[in-house]
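Residue strings, one per chain:
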Amino acid sequence: MTENKKPVSIVGRVLAWGLLLALLTLVAIQLRSSLQGILTRGEQAPAFTLTTFDGQTVRSEDLLGKVVLLNIWASWCAPCIEEAAHLEQAWQHYKDRGDVVFLGLAYVDTEKESLAFIEEHNITYLNGPDLGTTIYTAFRARGVPETFVINKYGEIASVKIGPYLSVEEITTVIDRLLELE
Amino acid sequence: MKRLGLLFALSLLLAACAGSPAAIQSTQQGGAPSADRVNAVAKNLYCPVCANVPLDVCGTAACVQWRGQIAELLAEGYSEQQVYDYFAAQYGQGVLALPPARGLNWLVYLIPPLGIGVAALFLGRNLKRWKQPAATSQTKLDDDYARKLEEELKARR
């Protein structure tokens, strides 16, 4: 008995292989981005634009030449409450210098709760919501709280996963950067 | 007496209308939405903190806040779609149970039915062939051997 197989057309083969290749490429891209860890020291900080709760627009390129502390937090995050006072105290220490900027980034938080948190903890440095979680994603953050300190050249100088446990922990990092540059 | 009966029927009709779901909904449109309505919307959104947990069954503080926000938006007159759009804009498309069908998201909707279709086509074309017993050369050999054996046996008798 002989089998009467219809030959698959060239177009069909190319289409099938093309689709498979496209799918595999997509999976590879997705895997690559998910396997990338958090930003590390020395990497260029991603460009970002933050619109604060009071309507100011902060662009990362305007911050070059300054030491920037970017703290990612949420009102529902208990460890963020712990470090809020330390961050504010540290900010009070630097706020008049002009070469240090503190930015708070509220991650997946409702505006009402974020503002209540800011008021409750007397936070005076700039804070805004991370609309669409774009900044969180760009910095490849993994949770809250996480803090990135960016040097005057726009490079990541320090990454803190979890809360700062004291004011000194914050000032040590910033002072070192101010001395070096 | 007739008029009394008519009045009674009319009042029954009014009472029924007042208690109907449509009437209940219309009374709620101005005020706070029911928990069921909030949960119906929350069911299509995902928890921002815990992976793969729908918002309606999530007990974290973040989810409680989000459900509160849904209630507020619905009370303000937002439609369900407007609530989803608001959440996607605020917190990213990752919070949506069903990503909007545009760009690469189309693949999510296309690949599963396409895969099922291709698999069904493949099975349909090959199942028939698999079911038929294959006539192999071995069977042919066996037949020849049996025939020869029969002939020799006959010859010996």
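Model, not experiment: these values are computed from the prediction.

Before going further, it helps to spend a moment on the overall build of chain A. Along the backbone of chain A there are 5 helices and 7 strands. Listing each helix as α and each strand as β along chain A from the N terminus yields α-β-β-β-α-β-α-β-α-β-β-α. On C-alpha atoms alone, chain A measures out to a radius of gyration of 23 Å, which is more than a quarter above the 16 Å that the 2.2 N^0.38 rule sets for 181 residues. The dimensions of chain A, computed from C-alpha atoms along their principal axes, are 90 × 40 × 30 Å. Evaluated residue by residue, chain A yields a buried proportion of 34% over its 181 residues.

Attention now moves to the interface of chain B and chain A. With 12 residues of chain B in contact, the opposing surface of chain A contributes 9 residues. Those elements that place two or more of their residues in the side of chain B that touches chain A are helix 4 (61–75) and helix 5 (80–91) of chain B. When residues in the side of chain B that touches chain A are grouped by element, the largest group, 5 residues, is from helix 4 of chain B.

This next bit is on the confidence of the model for chain B. Of all residues in chain B, 76% have pLDDT values of 70 or greater, and the mean over the chain is 79. Here residues 11–29 of chain B is a poorly scored stretch, pLDDT under 50, and it has 4 contacts once near neighbours within four places are set aside; other chains count.

The next subject is the sheet that holds strand 5 (residues 126–129) of chain A. Residue and element names in this part refer to chain A. Here 5 strands make up an open sheet; going across it, the order is 5-4-3-6-7 and the pairing mixed. Edge positions in the sheet fall to strand 5 and strand 7 (156–161), since each has one partner strand and no second. For this sheet, the mean angle separating the axes of adjacent strands, direction not counted, is 15°. As judged from the 7 bridges shared by strand 3 (residues 67–73) and strand 4 (residues 100–106), these two strands associate in the parallel manner. Residue pairing for strand 4: Val67 is matched across the bridge by Val100. In this fold helix 5 (residues 167–180) packs onto strand 3, strand 4, strand 6 (146–150) and strand 7, with an angle of close to 155° to the strand it touches most, strand 3.

Below, the discussion takes up helix 5 of chain A. Residue and element names in this part refer to chain A. Under the 1.5 Å per step criterion, the end-to-end length of helix 5 is 20 Å for 14 residues, consistent within 8% with the ideal 20 Å. Listed in full, the buried residues belonging to helix 5 are Ile170, Ile174 and Leu177. The buried residues of helix 5 occupy one face: seen down the axis, they fall within an arc of 55°. Of the residues in helix 5, the exposed ones pointing more than 90 degrees away from the buried face are Glu168, Thr172, Glu179 and Leu180. Contact partners of the buried residues in helix 5: strand 3, helix 2 (78–94), strand 4, strand 6 and strand 7.

The next subject is the nonpolar core. The biggest cluster of nonpolar side chains holds 58 residues, and the ones touching the most others in it are A:Ala74, A:Leu103 and A:Tyr107. The contacts of A:Tyr107, once residues within four sequence positions are left out, are A:Ile72, A:Trp73, A:Ala74, A:Asp130, A:Thr133, A:Tyr136 and A:Val144.

Once that is clear, we can look at unusual backbone geometry. Residues and elements named next belong to chain A. With an omega dihedral of -5°, the bond running from Val144 to Pro145 counts as a cis peptide bond. Among the secondary structure elements, Pro145 is positioned in the loop between helix 4 (134–138) and strand 6. A positive phi angle, near 50°, is found at Asn122, a position not held by glycine. By secondary structure assignment, the location of Asn122 is in the loop between helix 3 (111–120) and strand 5.

Moving on: the packing of helix 2 of chain A against helix 5 of chain A. Residues and elements named next belong to chain A. Direction vectors running N to C along helix 2 and helix 5 enclose 45°, while the axes themselves pass 8 Å from each other. Regarding the angle of helix 2 to helix 5, the classification is oblique. The handedness of the crossing between helix 2 and helix 5 is right-handed. In this structure, helix 2 contributes His86, Leu87, Gln89, Ala90, His93 and Tyr94 to the contact, and helix 5 contributes Val167, Ile170, Thr171 and Ile174. A breakdown of the residues in the contact of helix 2 with helix 5 according to their chemical character gives 6 nonpolar, 4 polar and no charged.

Residues and elements named next belong to chain A. For strand 6, the tally of buried residues reaches 5 of 5 residues, placing the bulk of the element in the interior. The side-chain alternation of strand 6 yields two buried faces, one formed by Glu146, Phe148 and Ile150 and the other by Thr147 and Val149. As defined by bridge partners, strand 3 adjoins strand 6 across 5 bridges and the pair is classed as antiparallel. Bridging from a neighbouring strand, Asn71 pairs with Thr147 of strand 6. Two strands pair when backbone bridges link them, and strand 6 and strand 7 are joined in this way by 5 bridges, in the antiparallel orientation. Paired with Ile150 across the two strands is Ile156, which belongs to strand 7. In sequence, strand 6 turns back onto strand 7 through a hairpin of 5 residues, with Gly154 there showing a positive phi of about 80°.

Further remarks concern the environment of B:Ala42. All names here are of chain B. Here Ala42 lies in helix 3 (residues 35–42). A residue is classified by how many C-beta atoms lie within 10 Å of it, and Ala42, with 24 of them, is buried. Expressed as a C-alpha distance, the spacing of Ala42 and Gln82, which sit 40 residues apart in the sequence, is 13 Å. Among all residues touching Ala42, those that are not within four sequence positions of it are Leu55, Asp56, Arg67 and Ile70.

Rules used throughout
- Residues numbered from 1 in each chain as written.
- Chains lettered and ligands numbered in written order.
- Predicted model: local features only at pLDDT ≥ 70, side-chain atom pairs only at ≥ 80, totals over all residues.
- Helix = DSSP H or I, 4+ residues; strand = E, 2+ residues; numbered from the N terminus.
- Rg over C-alpha atoms; globule rule 2.2 N^0.38 Å.
- Buried ≥ 20, exposed ≤ 12 C-beta atoms within 10 Å, placed from the backbone.
- Contact = placed C-beta atoms within 7 Å.
- pLDDT = per-residue confidence, 0-100.
- Pairing = 2+ DSSP bridges.
- Axes fitted to C-alpha atoms, helices over the stretch in contact; angles between N-to-C directions.
- Expected span 1.5 Å × (residues − 1).
- Arc of directions from axis to C-beta.
- Core = buried A, V, L, I, M, F, W, Y, C linked by C-beta atoms within 7 Å.
- Parallel < 35°, antiparallel > 145°, perpendicular 65-115°, else oblique.
- Left-handed = near helix turned anticlockwise from the far one by under 90°.
- Nonpolar A, V, L, I, M, F, W, Y, C, P; charged D, E, K, R; others polar.

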